[in-house]
Amino acid sequence: MVIRLQYRGEKTMQCIICHKEKEKSDEHIIPEALGNKKLITRRVCEECNNKLGARVDDYLTNHPLVKIIRSGEKLTGKSGKKVNFFSSVETDEKTGIKYEMKSGIPKLMPRLLTNENGHIRIEASTKEEGVAFLKKLLKREGYSETQIDDFCKDAIAGEFNIIEPPEFKKDVIIDFSRMDIAAIKIAYEYAFEVLGEDYLNDEVAQLFSKELYSIANTEKKEINVSDSLAQYVTYPLSGSGIESLLEETRNSIKKTNTDILHTIFFIKQDGCLYCILNLCMMEIISFAVKVTNNADRYSKKLPFTLVYRDGKCITL
């Protein structure tokens, strides 16, 4: 049996984040930057979609560790651009020299140096770049075009060799509370699509909705996630039963030689219902999110969703 998780019907709906009557928009339950094309909900308005994309999804998809995974899986997202690990300008920690980064390749940026005798030197990749850099400096200082041309005529090109390749370092810090809220957002939207309208009355769903709405509408740059949410997200820990289940799932899928990118499914444990997010089939971004404390409330068959690398989505 194939179930397509798409909400169809009227042009307007009640957003499951802000709970206002709005026009429908396509919200990717798993961020599109992680290769998801078809697993969507149409019950998140465009405003909440955009705000949560910038404040929640972005932290998950652009975290350095996740970027490494995306690069390895060749996941470019909607833009189609390759994953960029570096800022547009990086500084070599050993030498202090700045480099412009293009497609991950460092290119020396022109710089002005003055020695102890007051002599000025410009270092650049080529004489042309050095002269162009000098012209900008002189123009900024108020020199005329004639004076600038005279200075540039006297420019002497010498060789500047970089003996050692540049070294760039990135401190990788994981804000687990922000990872938690990214996992909660995915689990909340998926649980709604599967469990239906009644899920919005669940106390856990209402807590998730309230927190997501608060984050979407905060004016602060820093996002503070409520400590009370930590209890609803677990990482697959030894002895929890979830770790072994995820491992079995990954091994079973690998044996089929199918090109599956993500799996999402539910398990019942101690009367609770957990949404298992197996993103990119990688343990580091796998989560178990408790979506309700009352699993018996939902009697319908619980699905198992497969998201393929080519964008296809199948729910069994």
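This text goes with the structure placed above it.
Here is a short report on the structure shown in this document. All figures in this text were calculated on a predicted structure; none of them were measured in a lab.

**As for the environment of Lys 94**
Mapped onto the elements of the fold, Lys 94 is located in the loop between strand 5 (89-91) and strand 6 (98-102). Distance in space between the C-alpha atoms of Lys 94 and Glu 167 is 7.1 Å, their sequence separation being 73 residues.

**Here we look at the packing of aromatic side chains**
Applying the stated criterion across every chain, the model contains five aromatic pairs. Taken together, a centroid distance of 5.6 Å and an interplanar angle of 85° make the contact between Phe 208 and Tyr 232 edge-to-face. Remark: Tyr 232 occurs in the loop between helix 6 (203-216) and strand 10 (233-234) and Phe 208 occurs in helix 6; sequence separation between them is 24 residues. When sorted by exposure, Phe 208 lands in the same class as Tyr 232, which is buried. By way of ring pairs, the aromatic residues Tyr 188, Tyr 199 and Tyr 298 are connected into one cluster.

**With respect to the packing of helix 3 (residues 127-140) against helix 4 (residues 145-153)**
Orientation of helix 3 relative to helix 4, taken along the N-to-C sense of each, is 145°, at an axis distance of 10 Å. The handedness of the crossing between helix 3 and helix 4 comes out as right-handed. Within the contact between the two elements, helix 3 uses Val 131, Leu 134, Lys 135, Leu 138 and Lys 139 and helix 4 uses Glu 145, Ile 148, Phe 151 and Cys 152. The class makeup of the residues in the contact of helix 3 with helix 4 is six nonpolar, no polar and three charged.

**Overview of the sheet that holds strand 6**
Sheet architecture is open: three strands sit in the order 5-6-7, paired in antiparallel fashion. The open sheet has two free edges, formed respectively by strand 5 and strand 7 (105-108), since each of these has just one partner strand. Each adjacent strand pair in this sheet contributes to an overall mean axis angle of 40°, direction not counted. Across three bridges, strand 5 lies against strand 6 in antiparallel orientation. For Val 89, the partnering residue across the bridge sits in strand 6 and is Glu 100.

**A look at the layout of surface pockets**
Quantified by volume, the second largest pocket comes out at close to 480 Å³. Lining the second largest pocket are 22 residues, with Pro 31, Glu 32, Ala 33, Asp 57 and Lys 78 sitting closest to its centre. Secondary structure elements with two or more residues in the lining of the second largest pocket: strand 3 (27-28) and helix 1 (46-61). Among the residues making up the lining of the second largest pocket, the classes are represented as four nonpolar, nine polar and nine charged.

**Topic: the pairing of strand 14 (residues 304-308)**
Of all five residues in strand 14, four are buried; the element is thus mostly enclosed. The pairing of strand 11 (residues 260-269) with strand 14 spans five bridges and is antiparallel. Note that in strand 14 the partner of Ile 260 across the bridge is Tyr 308. By the bridge criterion, three bridges tie strand 14 to strand 15 (residues 313-315) in an arrangement that is antiparallel. Bridging from a neighbouring strand, Val 307 pairs with Cys 313 of strand 15. Here strand 14 folds back onto strand 15, and the loop between the two strands holds four residues, one of which, Gly 311, carries a positive phi near 100°.

**A word on helix 2 (residues 64-73)**
Of all the positions in helix 2, only Val 66, Lys 67, Ile 69 and Arg 70 are classed as buried. Considered in projection along helix 2, the buried side chains sweep an arc of 160° and stay on one side of the axis. Set apart from the buried face of helix 2 by more than 90 degrees, the exposed residues are Ile 68 and Gly 72. Buried residues along helix 2 sit in contact with helix 1 and helix 5 (176-195).

**Some thoughts on the pattern of salt bridges**
As enumerated under the stated definition, the model contains 14 salt bridges in all. Between Arg 121 and Glu 123 there is a salt bridge; the shortest N-O distance is 2.8 Å. For Asp 202, the salt bridge identified is with Arg 297, shortest N-O distance 3.8 Å. One end of the pair, Asp 202, is in the loop between helix 5 and helix 6; the other, Arg 297, is in the loop between strand 13 (286-292) and strand 14, with 95 residues separating them in the sequence. Accessibility expressed as a relative area gives 33% for Arg 297, which makes it partly exposed. Through salt bridges with shared partners, a single ionic network connects Glu 27, Asp 57, Lys 185 and Glu 189.

Analysis parameters
- Along each chain, the written sequence defines residue order, and numbers are assigned to residues from 1.
- Under the rules for a predicted model, residues below a pLDDT of 70 receive no local features and side-chain atom pairs below 80 are neither given nor counted, while totals for whole chains, interfaces and linings still include all residues.
- Water and hydrogen atoms play no part in the side-chain values, which are based on all heavy atoms of the structure.
- In this description a helix means any DSSP run of H or I spanning at least four residues, a strand means any run of E spanning at least two, and both kinds are numbered starting from the N terminus.
- Only rings of Phe, Tyr and Trp enter the pairing, Trp through its six-membered ring, and a pair is recorded when the two centres are within 6.5 Å. The plane angle decides the type: under 30 degrees is stacked, over 60 is edge-to-face, the rest tilted.
- Using a 1.4 Å probe on the protein chains alone, a residue whose accessible area is under 20% of its type maximum counts as buried, one over 50% counts as exposed, and one in between counts as partly exposed.
- Here, axes are lines fitted to C-alpha atoms. For helices the fit covers the stretch in contact, and angles between N-to-C directions go from 0 to 180 degrees.
- Note: crossing handedness is left-handed where the near helix turns anticlockwise from the far helix by less than a right angle, and right-handed where it turns clockwise.
- Should any heavy atoms of two residues lie within 4.5 Å, those residues are counted as being in contact.
- Only Asp, Glu, Lys and Arg are considered charged, only Ala, Val, Leu, Ile, Met, Phe, Trp, Tyr, Cys and Pro nonpolar, and every remaining residue, Gly among them, polar.
- Strands were regarded as paired on the criterion that DSSP finds at least two bridges between them.
- Both site types are read off a 1 Å grid over the protein atoms alone. A 1.4 Å probe that fits but cannot get out defines a cavity, while an open set with protein on both sides within 12 Å along at least five of seven lines defines a pocket; lining residues have an atom within 4 Å of a point.
- Grid points are joined across faces, edges and corners, and a volume is the space filled by probe spheres set on the points.
- Starting at the helix axis, one direction is taken to each C-beta atom, and the arc is that of these directions.
- A pairing counts as a salt bridge when a side-chain nitrogen of Lys or Arg comes within 4 Å of a carboxyl oxygen of Asp or Glu.

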